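# Remarks on the overall topology
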Amino acid sequence: SEITHLATARGIEGRPFDGLGGEQLWLCPSLENSPNDLSGNNNNGAYQGSMGTIADTSNGGSLAYDFDGTDDYIDVTGYANSKTAYSLSTWINGTGPNQVVVAFNVGDSSGSRSLNLGLQPSATALVGHQVSPSYYWAESTSTVNGAGWKHVAATYDGSDVKIYVDGVLEDTQAAPNSTTAQTRAFIGRWVGSTPFWLTGKMDDIRAYNRVLTQDEITHLASQRGVLGSPATTAQYNAFLTHAF
């Protein structure tokens with residue numbers, strides 16, 4: 001990504017978008033006003049319906065994806081998440097009625113999927129991990145839908161699926177590994193035969209084929225579009241340890 005950045009222009013300044021490391025999919029209109037993948041993996045999305053972005057400067061952001069709850073979503077055909085270890089992080093501002101509205105979905109064209117993140121009728125957030133035909137659910141204890149901007153993260157380590165809201169772990173549920181091959185991601189829509197749509201806004205959507213640490217989740221929950229990794233308390237200095 002650094003070489004690609006240097007190759008874009010003579011004398012270019014700055015650096016490529018700097019994430020935590022290991023992002024497989026990263027869409028963030030506050031950093032780039034498009035559905036393009038900032039991870040360097042070319043998992044670019046495509047707007048569907050009449051959606052686009054809207055100005056929104058709260059929680060450190062500048063723009064947000066705007067979903068109308070009717071036919072708006074982002075199609076990321078070709079994206080595949082790991083079946084044995086993964087993480088998902090996103091900022092969401094749900095404003096629709098209290099219904100099941102899946103905001104992030106990884107699945108194939110027939111509806112099989114290994115990860116759903118949605119909003120419950122109770123206004124909580126829900127993560128669904130599928131090992132066909134069974135689902136394993138982790139649900140937040142705090143309100144997400146209708147509560148303004150909230151950061152939601154989910155992790156799966158091969159044995160447990162977890163959900164975090166604003167950096168705080170709220171539920172853990174045991175779940176076996178998925179065996180279903182995944183072929184694409186839908187953001188703002190559930191892929192099933194009866195689709196559900198997101199009403200509201202999203203920003204800073206990231207997916208990983210690894211488990212995020214608590215420090216990383218806390219860092220991502222600090223603001224929309226946060227760059228870099230969590231600050232460390234000590235830095236290694238080779239000059240202090242090397243004998244000349």
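Here, the structure is the one placed above.
First, a word on scope: everything that follows refers to the structure included in this document. (Residues numbered from 1 in each chain as written. Predicted model: local features only at pLDDT ≥ 70, side-chain atom pairs only at ≥ 80, totals over all residues. Heavy atoms only, no water.)

## Quick word on the overall build of the protein
- Secondary structure summary: the protein contains three helices and 15 strands in total.
- Across the 244 residues of the protein, 51% fall into the buried class.
- For the protein, restricting intrachain contacts to residue pairs at least 6 apart in sequence, the fraction spanning at least 24 positions comes to 62%.
- Just so you have it, the protein exposes about 11000 Å², and 50% of that area is on carbon and sulfur atoms. (Helix = DSSP H or I, 4+ residues; strand = E, 2+ residues; numbered from the N terminus. Buried < 20%, exposed > 50% of the residue type's maximum accessible area, 1.4 Å probe, protein only. Contact = heavy atoms within 4.5 Å. Areas by Shrake-Rupley, 256 points an atom, 1.4 Å probe, with all protein chains shown as cover.)

## Here's the deal with the nonpolar core
- Counting residues in each nonpolar core, the largest one holds 33 residues, and the members touching the most others are Phe-67, Ile-74, Val-76, Phe-104 and Ile-187.
- One finds Ala-153, Tyr-208, Leu-220 and Val-226 within the second-largest nonpolar core, a separate group that totals eight residues. (Core = buried A, V, L, I, M, F, W, Y, C linked by side-chain atoms within 4.5 Å.)

## A few points about the packing of aromatic side chains
- Under the definition given, this model contains five aromatic pairs.
- On the numbers, 5.3 Å between centres and 90 degrees between planes, the contact of Tyr-73 with Phe-186 is edge-to-face. Taken together, the residues span a long stretch of sequence, with Tyr-73 in strand β5 (residues 73-77) and Phe-186 in strand β14 (residues 184-187) at a distance of 113 residues.
- An aromatic cluster is defined as three or more aromatic residues linked by ring pairs; in this entry it consists of Tyr-73, Phe-186 and Trp-197.
- Its end group placed over the ring of Tyr-73, Arg-189 keeps NZ or CZ at 5.0 Å from the ring centre.
- Note that Arg-224 overlies the ring of Trp-149, its terminal NZ or CZ placed 4.2 Å from the centroid. (Phe/Tyr/Trp six-rings, centres within 6.5 Å; stacked < 30°, edge-to-face > 60°. Lys NZ or Arg CZ within 6 Å of the ring centre and 35° of its normal.)

## Observations concerning the side chain of Asn-145
- Locating Asn-145 in the fold gives a position in the loop between β10 (134-143) and β11 (150-156).
- On the basis of relative accessibility, which here comes to 6%, the residue Asn-145 falls in the buried class.
- Only 3.5 Å separates the side chain of Asn-145 from the backbone oxygen of Gly-96, close enough to count as a polar contact.
- The residues contacting Asn-145, other than those within four sequence positions of it, are Gly-94, Thr-95, Gly-96, Pro-97, Asn-98, Leu-119 and Ala-123. (Polar contact = N/O pair within 3.5 Å; in protein donor to acceptor, adjacent residues only side chain to side chain.)

## Comments concerning empty space enclosed by the protein
- Scanning all chains against the criterion turns up one cavity of 30 Å³ or more.
- Here the largest cavity is characterised by a volume of approximately 40 Å³.
- If you trace the largest cavity, you find ten residues lining it, with Tyr-79, Asn-81, Ser-87, Leu-115 and Ala-207 closest to the centre.
- Of all elements in the fold, only β6 (86-94), β7 (101-107) and β15 (199-208) reach the threshold of two or more residues within the lining of the largest cavity.
- With three residues, β6 is the largest single contributor of residues to the lining of the largest cavity. (1 Å grid on protein atoms, 1.4 Å probe; cavity = no way out; pocket = protein on both sides within 12 Å on 5 of 7 lines; lining within 4 Å. Points joined across faces, edges and corners; volume = space filled by probe spheres on them.)

## Quick word on the environment of Gly-146
- You can see Gly-146 is positioned in the loop between β10 and β11.
- With relative accessibility at 63%, the residue Gly-146 sits in the exposed group.
- Residues Gly-146 and Gly-94 lie 52 residues apart in sequence; the distance between their C-alpha atoms is 5.5 Å.

## Let's talk about unusual backbone geometry
- One non-glycine residue with positive phi stands out, namely Asp-166, at about 50 degrees.
- With respect to the secondary-structure elements, Asp-166 resides in the loop between β12 (160-165) and β13 (168-174).

## A word on the pattern of salt bridges
- If you walk through the whole model with that rule in mind, you get seven salt bridges.
- Across the pair Lys-201 and Asp-56 runs a salt bridge, and its minimum N-O distance is 2.6 Å. Residue Lys-201 is located in strand β15, and its partner Asp-56 is located in the loop between β3 (52-55) and β4 (63-68); the two are separated by 145 residues in the primary sequence.
- On the basis of relative accessibility, which here comes to 18%, the residue Lys-201 falls in the buried class.
- Three or more residues joined by partner-sharing salt bridges are found here, namely Asp-56, Lys-201, Asp-203 and Arg-224. (Salt bridge = Lys/Arg side-chain N within 4 Å of Asp/Glu carboxyl O.)

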